[in-house]
Amino acid sequence: MTATRARLRIAQVAPLYEAVPPALYGGTERVVSYLTEALVALGHDVTLFASADSQTSARLVAPVPRALRLDPNCRDPLAHHVRMLGEVYRRAASFDVIHCHTDYLGLPLAAAASTPTLLTLHGRLDMPELAPLYAAHRGVPLVSISDAQRRPLPDAAWIATVHHGVPIASLPFSATRGDYLVFLGRISPEKRPDVAIRVARRAGVRLRIAAKVDPVDRDYFGRVVEPLLDHPSIEFLGEIGEHEKPALLGGALALLFPIDWPEPFGLAMIEALACGTPVITRPCGSVPEVITDGVTGCVASSEDDLVAAVARAARLDRAVCRAEVERRFDAAGMAQQYVAVYRRMLARRREAGVVHGHAAEAVA
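Computed from a predicted model, the values in this text were never measured in an experiment. (Residues numbered from 1 in each chain as written. Predicted model: local features only at pLDDT ≥ 70, side-chain atom pairs only at ≥ 80, totals over all residues. Heavy atoms only, no water.)

**Some remarks on the overall build of the protein**
Cut-off, in case you're wondering: Every helix listed is a DSSP run of H or I at least four residues long, and every strand listed is a run of E at least two residues long, numbered separately from the N terminus. Each residue gets one of three labels from its accessible area relative to the maximum for its type: buried under 20%, exposed over 50%, partly exposed in between, using a 1.4 Å probe on protein chains only. By the convention used here, residues are in contact when the closest approach between their heavy atoms is within 4.5 Å. The method behind every accessible area is Shrake-Rupley, applied with a 1.4 Å probe, and residues are considered shielded solely by the protein chains displayed. As used throughout, the charge tally considers Lys and Arg to be positive and Asp and Glu to be negative, leaving His and the chain termini uncounted. The atom standing in for a charge is NZ when the residue is Lys, CZ when it is Arg, CG when it is Asp and CD when it is Glu.
The helix and strand inventory of the protein stands at 13 helices and 13 strands. Relative to its 364 residues, the protein shows a buried fraction of 55%. Summarising the internal contacts of the protein: among those between residues at least 6 apart in sequence, 66% fall at separations of at least 24. Accessible area for the protein stands at about 15,000 Å²; split by element, carbon and sulfur atoms hold 52% of it. Taken as two groups, the 40 positive and 40 negative side-chain charges of the protein have centres that lie 3 Å from each other.

Quick look at the structure:
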């Protein structure tokens with residue numbers, strides 16, 4: 001086997017809040033699933049640390065019997081994550097690379113381990129407590145999921161930006177434009193479902209809302225969103241399963257994504273595009289990196305302009321939306337980018353005189 005094709009032993013460490021892939025809502029765990037399966041398909045030896053109700057072709061190590069968000073017996077999810085990370089690093093010598101998706105929880109363990117760790121950060125980074133934390137662990141390389149995500153921490157130990165990817169075959173293309181708008185994700189102030197409802201009503205187009213309501217957002221839902229649902233053109237579906245998503249997205253005129261926060265990526269956008277459905281959104285966070293205004297969607301700031309965008313989106317070429325995902329946001333391409341990052345990490349360690357496992361030798 002050549003150096004560039006050396007088989008890597010990779011640990012993928014997922015959050016335990018949702019199964020991998022999630023039964024219902026769950027962006028990070030879904031991406032971990034897509035990445036894990038694509039790495040296995042590339043021939044790598046992958047161990048997935050995730051809840052026991054996960055489904056994977058990798059080797060599964062399960063610290064908990066079921067996803068924590070849906071487990072009524074879970075009182076302290078952080079304790080389960082700390083225990084899992086302890087197990088990951090007890091096995092560290094078995095891996096060439098440990099790839100963590102649990103934000104900063106494993107930083108102290110990663111810094112002390114001989115096996116290199118890569119952290120993909122999936123959340124917002126504009127909290128003041130984060131800068132000194134990541135500054136204190138500059139030896140642990142970080143991946144951002146958009147360039148925009150990096151802005152609050154420009155001096156962190158970034159090694160790459162890797163956009164999310166989806167398995168194209170799981171999201172069938174729909175060439176026919178539907179007669180409704182869709183809102184997909186979670187009910188929260190920063191996602192602005194209230195704006196989506198007002199835009200749809202003003203545009204005179206039906207809106208179907210497929211979203212979960214977390215406990216922290218129930219007050220917002222009751223005060224702001226629920227009163228707006230009492231209208232014949234608004235349909236609230238609640239959380240939907242993965243098998244329901246392609247038909248819902250593919251049958252829509254457009255995805256309404258009127259976010260009001262620094263969105264790190266926005267998986268729903270590329271899921272919609274894969275089905276051929278353009279995206280109506282605001283220019284926040286990662287949006288300019290994902291959506292091309294007038295090509296794969298309509299990007300507008302004001303509510304008036306979002307209403308006008310509904311007619312514009314109806315005229316966009318759905319085949320172009322699909323082609324954009326095939327070109328830029330395919331899960332196999334995402335996995336190949338991560339493999340390149342893994343090899344770069346291992347090569348840097350070898351150059352620094354730190355050799356671990358067969359893979360570090362292989363990149364010579």
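Past the structure itself, the notes keep going.
**Details of the nonpolar core**
As a reminder of what qualifies: Within this scheme, the nonpolar core is defined by two criteria: the residues are buried Ala, Val, Leu, Ile, Met, Phe, Trp, Tyr or Cys, and they are joined through side-chain atoms within 4.5 Å.
In terms of nonpolar packing, the biggest core is built from 62 residues, with Val 166, Leu 255 and Tyr 342 touching the most fellow members. Counting residues in hydrophobic clusters, the runner-up holds 30 residues, among them Phe 183, Ile 187, Ile 197 and Val 199.

**Here's the deal with the confidence of the model for the protein**
The condition is simple: Scored from 0 to 100, pLDDT records how confident the predictor is in each individual residue.
This prediction gives the protein a mean pLDDT of 93; 96% of its residues lie at or above 70. Contacts from residues 357-364, a stretch scored under 50 in pLDDT, to residues over four places away or in other chains number 20 contacts.

**Notes on the sheet that holds strand β10 (residues 234-236)**
The criterion, for reference: Pairing between strands is defined by DSSP: at least two bridges between the two strands are required. Fitted lines through C-alpha atoms serve as axes, helices being fitted only where they are in contact, and the angles separating the N-to-C directions of these axes extend from 0 to 180 degrees.
Taking strand neighbours across the sheet as the criterion, the 6 strands line up as β10-β9-β8-β11-β12-β13 in an open arrangement whose pairing is parallel. This sheet does not close on itself; its edge strands, each paired only once, are β10 and β13 (297-299). Each strand of the sheet is rotated relative to its neighbour by a mean of 20 degrees, with strand direction disregarded. Two strands pair when backbone bridges link them, and strand β12 (residues 279-281) and β13 are joined in this way by 3 bridges, in the parallel orientation. Across the sheet, residue Ile 280 finds its bridge partner in β13, namely Cys 298. Helix-sheet contacts for helix α8 (residues 267-274) involve β8 (180-186), β11 (254-257) and β12, and the interaxial angle to β11 is about 170 degrees. Set on the sheet, helix α10 (residues 303-313) makes contact with β8, β11, β12 and β13; between it and β12 the angle comes to about 165 degrees.

**Section: the sheet that holds strand β7 (residues 158-161)**
On the basis of which strands lie adjacent, the open sheet formed by 7 strands has the order β3-β2-β1-β4-β5-β6-β7 and parallel pairing. Two strands close off the open sheet at either side, each with one partner strand: β3 (59-61) and β7. This sheet shows a mean twist of 25 degrees between the axes of neighbouring strands, independent of strand direction. Summarising the sheet, strand β5 (residues 117-121) and strand β6 (residues 142-144) pair through 3 bridges and their orientation is parallel. Counted as the bridge partner of Leu 121 is Ser 144 from β6. The sheet strands contacting helix α2 (residues 77-90) are β1 (9-13), β2 (45-49), β4 (97-100) and β5, and the helix crosses β4 at an angle near 165 degrees.

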